[in-house]
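So the chains spell out like this:
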Amino acid sequence: MFTRSATVLLEENAGKLVNWLNSFDAVLTDCDGVLWVYGDVIDGSVEVMNRFKEMGKKIFFCTNNSAKTRKELLVKAQQMGFNVTENEIISTAHSTATYLKQRDFNKNVYVIGSEGITKELDAFNIKHNTVGPDHMTGNLADYLSTRFKLENNVGAVVVGFDEHFSFPKIAKAASYLNDPDCLFIATNTDERFPMPSMVIPGTGSLVRCIETCAERQALVIGKPNVSICAHLIDDGTIKPERTLMIGDRCNTDILLGYNCGFQTLLVGTGVHTLESVRRWQTSNDDELLKLVPDVYLPKLGDLLQYM
């Protein structure tokens, strides 16, 4: 109805908005910046998502956050009041482990990331290193001669968000990846997390660093890669043209929607603003035009009055 027009839904009449609500049967939504911010629920998001389900629409929480397992995300969501099941949660940590399992991977994984990834690997009995700090003390020459050690039989490097990212981790990852048969996987490429008084580097910043050193590009599991939700399309669970993707970040959430043929809704409670979208709409760059959502709301909760 509103293809890549960034239509502000609150400026449309109620009848047209109800018709839009009836135009999709399934909803995929990002989590951070749409449903909650860290541990705080965004006003109205619980009620809207639960109402979607009451209306008979299929719902799926689709997150690039690799720090938690699906079970941990389920507990968080349910404690906040969301009516969701584990099978309705799509996470990059679980998707990464599933990808390796489907390839009959039987080597070790070098993980730069958190226990969200390693716990999902454990569920498939895939061996990996212990995550956490890996510091370099002293100078580089001393470190390389006395403490730098590579493990045997590493067949994949997986990079997710890692608050303990360090020089030794870059060196080890690039060394493993010097073997062209070693898989290079990134959970996502979200560049950063802007906050009121600072900017926090995202997984994408770490991935780019290792890509530069390794002189290789990573396979990206998460949004906007179609693979993260391809199983839902392939088995007929969702029909792309009857599916809505909700997000706060255009180069992951909205671009995933574009890549899959979904309808798209941008909310203004996270990374990208309507002002940025308006600038992209006047561009001649096809890649920027792909980031323009169909519709926009200041927050997801604004939809509740029409449901």
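What counts and how
- Residues numbered from 1 in each chain as written.
- Predicted model: local features only at pLDDT ≥ 70, side-chain atom pairs only at ≥ 80, totals over all residues.
- Heavy atoms only, no water.
- UniProt positions renumbered as here; feature names shortened; annotations may be inferred.
- 1 Å grid on protein atoms, 1.4 Å probe; cavity = no way out; pocket = protein on both sides within 12 Å on 5 of 7 lines; lining within 4 Å.
- Helix = DSSP H or I, 4+ residues; strand = E, 2+ residues; numbered from the N terminus.
- Buried < 20%, exposed > 50% of the residue type's maximum accessible area, 1.4 Å probe, protein only.
- Contact = heavy atoms within 4.5 Å.
- Pairing = 2+ DSSP bridges.
- Axes fitted to C-alpha atoms, helices over the stretch in contact; angles between N-to-C directions.
- Core = buried A, V, L, I, M, F, W, Y, C linked by side-chain atoms within 4.5 Å.

1. Notes on the UniProt feature "binding site: Mg(2+)" (unreviewed entry) in the protein
Step number 1: Here, UniProt's "binding site: Mg(2+)" (unreviewed entry) annotation points to D30, D32 and D248. Separation in sequence by 219 residues is not matched in space for these annotated residues, since their most distant C-alpha atoms are only 8.3 Å apart. Residues that both appear in the annotated list above and line the largest pocket are D30, D32 and D248.
Step number 2: Tracing the sequence through the fold places D30 in the loop between β2 (26-29) and β3 (36-37).
Step number 3: Residue classification places D30 among the buried positions, given a relative accessible area of 7%.
Step number 4: Discounting residues that sit within four places of it in the chain, D30 has contacts with L35, C62, T63, K223, M245, I246, G247, D248 and D253.

2. So, the sheet that holds strand β7 (residues 108-112)
Sheet strands pair via backbone hydrogen bonds, and the direction of the pair is either parallel or antiparallel.
Step number 1: Taking strand neighbours across the sheet as the criterion, the four strands line up as β7-β8-β9-β12 in an open arrangement whose pairing is parallel. The sheet is open, and its two borders are formed by β7 and β12 (219-220), each paired with just one other strand.
Step number 2: Pairing geometry for strand β8 (residues 154-159) and strand β9 (residues 183-186), over four bridges, is parallel. Bridge pairing in β9 links V159 to A186.
Step number 3: Contacting β7, β8 and β9, helix α7 (residues 167-177) crosses the sheet at an angle of about 145° to β7.

3. Considering the nonpolar core
Step number 1: Judged by nonpolar contacts, the single largest core of 33 residues is most densely connected at W20, F52, F61, F82, L265 and L303.
Step number 2: Residue assignment for this core shows that the elements contributing at least two residues are α1 (14-21), α2 (45-54), β5 (58-63), α3 (70-80), β13 (243-247), β14 (263-267) and β15 (295-297).
Step number 3: Setting aside chain neighbours within four positions, we find L265 in contact with L9, W20, L244, M245, I246, G247, I254, V295, Y296, L297 and L300.
Step number 4: In this structure, C182, A186, I210 and V220 belong to the second largest nonpolar core, which totals 18 residues.

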